[in-house]
Amino acid sequence: MSSPEELYLLYRGLLFPKETHSLESLKFAQEFTFRDDDVVAVVYPKSGTVWMQEILPLVLNGGDLTPIHTIPNWDRVPWLEEKRLEVVVDKLTSPRAMVSHLPYHLMPPSFLTSKAKAIHVMRNPKDAMVSSYYFHQMAGFLPDPGTFDEFMDSFLEGKVMFGKWTDHVKSWKHSALGDRIMDITYEEMVQDLPAALRKISNFLGRDLSEETIQKIAEHCSFKTMKDNRMSNFSLVPKMYLDNDKSPFLRKGVVGDWKNHFSSEQMAKFTSVIHKELENESFTLPWSLD
Ligand code: A3P
């Protein structure tokens, strides 16, 4: 088993999995030229990134299913910071969609000066942590998570890929992008996907018919995505992502943390997050209890 030191790259205080990131890919991201009609979903890991890779092309192209049926999610809506971007960038057609786990302060200068839009997707950190715990079991390029209790400590201390959840949220909440950024939660997407799609399409200036919204919702449902080999990571060799250990599209629900946290863990987690956000001007969209 490889150690965290062997598996992670440390760049500007954050851990990046070496399998998918390199100093070159991070430099490529820094020098990337954003176009005004680009859109990037900025998401802390395990909070709905792959879901946005399904949603964005369909909203942008008016519901044409071709991209989600012919292009694997990582090439269809690539990660800004990953090695793969350099390989596929020339194949992307405008309006381009990307995803990123970067905090705001690591976004490239061209993003800040462009008119590109950002969609900030937030998920209750307890559920993101549970999802991440299982992801570490299926991902051969991440360290073993240890016990749930040990993993919680790593998560709260930010000794996980892309650092602390609270730092990520703070960075995007203070982005000052004005009307170029929209917040949405994983929870509102689960609760009413058509409503979430209307909100996203309005933000992106797309006027989609109700029929198209319903069609996109159907194709972006958990069940349909779980069966879509272009989105469920079944195309990736098992040594990297082993869906038999834990499927990537695992449960897709809100509140699974209640099946995992003891009352002591719940109290500790809530108190650490509240303490780190106590002086912030924003409030979280959900109660952590
Ligand atoms: P769970 O492990 O809780 O099931 P990311 O893409 O950021 O890595 O996030 C992965 C999480 O998003 C997983 O959560 C996955 O099941 C969930 N997810 C992906 N597509 C979804 C969908 N269509 N509906 C609900 N959840 C979805």
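Below: a short report on this structure. (Residues numbered from 1 in each chain as written. Predicted model: local features only at pLDDT ≥ 70, side-chain atom pairs only at ≥ 80, totals over all residues. Heavy atoms only, no water.)

1. Quick word on the pattern of salt bridges
A pair can form between side chains of opposite charge whenever their charged atoms are brought close. If you walk through the whole model with that rule in mind, you get 16 salt bridges. Between E54 and R76 there is a salt bridge, and its shortest N-O distance comes to 2.8 Å. Taken as a pair, E54 in helix 3 (residues 49-61) and R76 in helix 5 (residues 73-76) lie far apart in primary sequence, 22 residues in all. Like R76, E54 is buried. Ionic pairing is found between K268 and D153, a salt bridge with its closest N-O pair at 2.6 Å. Here D153 lies in helix 9 (residues 148-157) and K268 lies in helix 15 (residues 263-277), a separation of 115 residues in the sequence. Salt bridges linked by common partners bring K238, D242 and D244 together as one network. (Salt bridge = Lys/Arg side-chain N within 4 Å of Asp/Glu carboxyl O. Helix = DSSP H or I, 4+ residues; strand = E, 2+ residues; numbered from the N terminus. Buried < 20%, exposed > 50% of the residue type's maximum accessible area, 1.4 Å probe, protein only.)

2. Observations regarding the site of the ligand
Surveying the vicinity of the ligand reveals 18 residues, the closest of which are T49, S131, Y186, K251 and G252. One of the backbone nitrogen or oxygen atoms of G48 is found 3.1 Å away from an oxygen atom of the ligand. One of the backbone N or O atoms of V50 is found 2.8 Å from an oxygen atom in the ligand. Summarising the interface, the protein chains cover 97% of the accessible area of the ligand, which totals 570 Å² for the free molecule. Using a 2 Å cut-off from the grid points, one finds that the ligand occupies the largest pocket. Those elements that provide at least two residues to the shell around the ligand are helix 3 and helix 14 (222-227). No other element matches the three residues that helix 3 contributes to the shell around the ligand. Taken together, the residues of the shell around the ligand break down into eight nonpolar, six polar and four charged. (Near = heavy atom within 4 Å. Polar contact = N/O pair within 3.5 Å; in protein donor to acceptor, adjacent residues only side chain to side chain. Areas by Shrake-Rupley, 256 points an atom, 1.4 Å probe, with all protein chains shown as cover. 1 Å grid on protein atoms, 1.4 Å probe; cavity = no way out; pocket = protein on both sides within 12 Å on 5 of 7 lines; lining within 4 Å. Sits in = over half its atoms within 2 Å of the grid points. Nonpolar A, V, L, I, M, F, W, Y, C, P; charged D, E, K, R; others polar.)

3. Considering the layout of surface pockets
Approximately 940 Å³ is the volume attributed to the largest pocket. What lines the largest pocket is a set of 41 residues, among which K46, V50, W79, F233 and F248 lie closest to the centre. For the lining of the largest pocket, the secondary-structure elements that each account for two or more residues are helix 3, helix 8 (125-138), helix 11 (186-191) and helix 14. Counted by class, the lining of the largest pocket contains 24 nonpolar, nine polar and eight charged residues. Quantified by volume, the second largest pocket comes out at close to 390 Å³. In terms of lining, the second largest pocket is formed by 16 residues, of which the most central are P67, I71, R76, L92 and T93. Among the elements of the structure, helix 3 and helix 5 are those that each provide at least two residues to the lining of the second largest pocket. When residues in the lining of the second largest pocket are grouped by element, the largest group, three residues, is from helix 3. Taken together, the residues of the lining of the second largest pocket sort by class into nine nonpolar, three polar and four charged. (Points joined across faces, edges and corners; volume = space filled by probe spheres on them.)

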